[in-house]
Amino acid sequence: MSDNTQAVPANPLPFGLLCYGISVFILSGFLWGKLQPQPVVGYALFTGGLGMFLAGIAAYRAGNTFATTVLAGYGAFWSSTAVYIWFFAGKSPNMSADLAWIMCAWGIFTLYMFVASLRTGLPAVQLLLGLLLILFVLVWLTMAFGVGPWALKGAAIAGVISAVDAWIESYREIAASLAPPAVA
């Protein structure tokens, strides 16, 4: 006797937001000047990179193009940035220029994903992407033009608020999945 019911795939967004929140929170500690690069690299590679990429694959399987692009895209950002810092940053003749170009490229991606998010009806994701855009712009200004340490502090603040927003939305999505089914 076979059971013809199919399992409903889990929503990958809470896991992806959890990974994002942890990664950007740790990055913010580094930008504020309170963490060394080593914890950033480890969390960027596994929590941000691998975790978000897996959530992106799950979103792909669920047919959600926006979530796939956001989650897998930032998974690629975290893992590639971790590899750059781990293996290549120390050998670069101009790490500031490297990071300025990286921040510019990912800032452009974040800008168009922010604009796309305005059509989603998800204000928490819109806020998260808007704050991440601010983080990228401020780090870009620091790396490209050497603006003062205030820009990295501002980026860290935007990152922490973005991480908290991601965690709140992750919790909200999880809590909604645990709600008892409505009685008709």
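Preceding this paragraph is the structure being described.
Residues numbered from 1 in each chain as written. Predicted model: local features only at pLDDT ≥ 70, side-chain atom pairs only at ≥ 80, totals over all residues. Heavy atoms only, no water.

**Q** Honestly, the packing of helix α5 (residues 123-145) against helix α6 (residues 149-178) in this entry has me stumped. Any pointers?
**A** Packed helix pairs are characterised by how far apart their axes lie and by the angle those axes make with each other. Packing of α5 against α6 brings their axes to within 8 Å, and their N-to-C directions diverge by 160 degrees. Comparing their axes, α6 and α5 come out roughly antiparallel. As α5 runs across α6, the sense of the crossing is left-handed. Across the interface between the two elements, Ala124, Leu127, Leu128, Leu131, Leu132, Ile134, Leu135, Leu138, Val139 and Thr142 of α5 pack against Trp150, Ala151, Leu152, Gly154, Ala155, Ala158, Gly159, Ile161, Ser162, Asp165, Ala166 and Glu169 of α6. In terms of residue class, the contact of α5 with α6 is made up of 16 nonpolar, 4 polar and 2 charged. (Axes fitted to C-alpha atoms, helices over the stretch in contact; angles between N-to-C directions. Helix = DSSP H or I, 4+ residues; strand = E, 2+ residues; numbered from the N terminus. Parallel < 35°, antiparallel > 145°, perpendicular 65-115°, else oblique. Left-handed = near helix turned anticlockwise from the far one by under 90°. Contact = heavy atoms within 4.5 Å. Nonpolar A, V, L, I, M, F, W, Y, C, P; charged D, E, K, R; others polar.)

**Q** What should I look at first to understand the side chain of Ser162 in this one?
**A** Tracing the chain through its elements places Ser162 in helix α6. Beyond its immediate chain neighbours, meaning those up to four positions away, Ser162 contacts Tyr20, Leu128, Leu131 and Leu132.

**Q** Is there a simple way to explain the side chain of Thr47 in this structure?
**A** Within the secondary structure, Thr47 sits in helix α2 (residues 37-61). Take Thr47: its relative accessible area is 18%, and that puts it in the buried class. In this structure, Thr47 is in contact with Cys19, Ile22, Ser23, Gly42 and Met52, ignoring residues within four places of it in sequence. (Buried < 20%, exposed > 50% of the residue type's maximum accessible area, 1.4 Å probe, protein only.)

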